[in-house]
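Topology and contacts: notes
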Amino acid sequence: EDAVNSDTYKKAKAAAEEQLAKLKDSDSYQNAKKKAQEKLDEIRKSEAFKEAQKLGKQGIDLAKEKLEEGKAYTQEIIKSQKGKSVGDKISTGVNVATDGAVVAIGYTA
C-alpha cells in the first residue's frame, strides 16, 4: 500500500498512462485496431460462427429443458416421501443421487 502511494509509483503510473495514450493515438495502433475489427466482422458473418451460435443456443435450450425435468422429478420425489420414515427418506435420497450421478456421467462421457 505504501508503494502505491509513493511519488515514484505515481510518476511511473502517469508516464505509463501518457505512453498508452500516445500509442492509442498512433496510426499503427489505429490500423491494427481497424484490421482486427474487420477480421471480427468477417468471422461474425461466417457460416461457422453462425453454426456455433446456433449450436450454443441449442445447448442452452437443452440445459433449460433438463433443469425443468430435474425440478419436476425432485418435486415428485419430495411429494412421495411425505409420511415415510427417516430411513426410507435417506435411502430414496441416496438412490436419487446415484441416478443423477449416472445420468451426469452419461452426458459428460
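Right, let's walk through the structure included here. (Residues numbered from 1 in each chain as written. Predicted model: local features only at pLDDT ≥ 70, side-chain atom pairs only at ≥ 80, totals over all residues. Heavy atoms only, no water.)

Section: the pattern of salt bridges
In plain terms, the rule: In what follows, salt bridge is the name for a side-chain nitrogen of Lys or Arg lying within 4 Å of a carboxyl oxygen of Asp or Glu. Here a helix means four or more residues in a row that DSSP labels H or I, a strand means two or more in a row labelled E, and each is numbered from the N terminus. Summary of the burial criterion: residues with accessible area below 20% of their type's maximum are buried, those above 50% are exposed, and those between are partly exposed, where the area comes from a 1.4 Å probe applied to protein chains only.
For the structure on display, the rule yields 6 salt bridges. Here Glu-69 and Lys-66 are joined by a salt bridge, their closest N and O atoms 3.4 Å apart. Taken together, the residues span about one helical turn, with Glu-69 and Lys-66 both in helix α4 (residues 47–80) at a distance of 3 residues. What makes Glu-69 partly exposed here is its relative accessible area of 41%.

So, the packing of helix α3 (residues 27–45) against α4
For any two helices packed against each other, one specifies the crossing angle of their axes together with the interaxial distance. Quick reminder of the rule: To get an axis, fit a line to the C-alpha atoms, keeping to the stretch in contact for a helix; angles then go from 0 to 180 degrees between the N-to-C directions. Here the word oblique covers every angle except those under 35 degrees (roughly parallel), over 145 (roughly antiparallel) and from 65 to 115 (roughly perpendicular). Whether two residues touch is decided by their heavy atoms; if any such pair falls within 4.5 Å, the residues are in contact. Following the grouping adopted for this structure description, the nonpolar residues are Ala, Val, Leu, Ile, Met, Phe, Trp, Tyr, Cys and Pro, the charged ones are Asp, Glu, Lys and Arg, and the polar ones are all others, Gly among them.
Two elements in contact, α3 and α4, have axes separated by 4 Å at closest approach and are oriented at 60°. Put simply, α3 runs oblique to α4. Of α4, the residues touching α3 (which contributes Ile-43, Arg-44 and Lys-45) are Glu-47, Phe-49 and Lys-50. Grouping the constituent residues of the contact of α3 with α4 by class yields 2 nonpolar, no polar and 4 charged.

With respect to the environment of Asp-61
Within the secondary structure layout, Asp-61 lies in helix α4. According to the relative accessible area criterion, Asp-61 is partly exposed, its value standing at 33%. The spacing of Asp-61 and Gly-93 is 32 residues in sequence and 28 Å in space, taken between C-alpha atoms.

Some words on the side chain of Thr-92
With respect to the helices, strands and loops of the structure, Thr-92 is situated in helix α5 (residues 86–108). The buried category is assigned to Thr-92, whose relative accessible area is 19%. Excluding its chain neighbours within four sequence positions, the residues that come into contact with Thr-92 are Ile-77 and Gln-81.

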